[in-house]
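# Observations on chain architecture
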Amino acid sequence: AGRASSGAAAVSDEVIAAARRGDEAALAWLDGGGRVDATFTREGLNGFTLLMVAALYGHERLAVALLQRGASIDLQDSGGLTALLYAAVLDHPA
């Protein structure tokens, strides 16, 4: 699995908050040119992606939408975790 790398456009706090709520409005950022695998820092971990957020909070619909847009399931954050691992550890189907 590869390490996530920083996207060209920074993921805003508003987009991250929308993803945490499972709000598909987070996808509007992608429609505006945001990279589906753009990364950000969360609680001291670098390389976090929107798919990881969707998996962490169990937002299956958002995860599916991100996957349909090309989100990578095997990118790792700086702690070595992937979106799939976040979903599995927390027993989420996403």
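These figures come from a predicted structure and were not determined experimentally. (Residues numbered from 1 in each chain as written. Predicted model: local features only at pLDDT ≥ 70, side-chain atom pairs only at ≥ 80, totals over all residues. Heavy atoms only, no water.)

A positive phi angle is found at E43, which is not glycine, with a value near 45°. Tracing the backbone through its elements, the reader meets E43 in the loop between strand 1 (40–42) and strand 2 (45–48). (Helix = DSSP H or I, 4+ residues; strand = E, 2+ residues; numbered from the N terminus.)

To continue, consider the confidence of the model for the chain. Considering every residue of the chain, the mean pLDDT works out to 87; 87% of them sit at 70 or more. Here residues 2–7 scores under 50 on pLDDT; set against residues more than four positions off or in separate chains, the count is 21 contacts. (pLDDT = per-residue confidence, 0-100. Contact = heavy atoms within 4.5 Å.)

Further remarks concern the pairing of strand 2. Bridge count between strand 1 and strand 2: two bridges; the pairing is antiparallel. Each bridged residue has a counterpart across the sheet, and for F40 the counterpart in strand 2 is F48. Turn length for the strand 1-strand 2 hairpin, with the two strands adjacent in sequence and antiparallel, is two residues, and the turn residue E43 shows positive phi of about 45°. (Pairing = 2+ DSSP bridges.)

This next bit is on helix 4 (residues 60–68). Inspection of helix 4 places L62, A63, A65 and L66 among the buried residues, and these make up the whole buried set. Around the axis of helix 4, the buried residues are gathered within 165° of arc, so they sit on the same side. Residues of helix 4 that are exposed and point more than 90 degrees away from the buried face comprise R61 and Q68. (Buried < 20%, exposed > 50% of the residue type's maximum accessible area, 1.4 Å probe, protein only. Arc of directions from axis to C-beta.)

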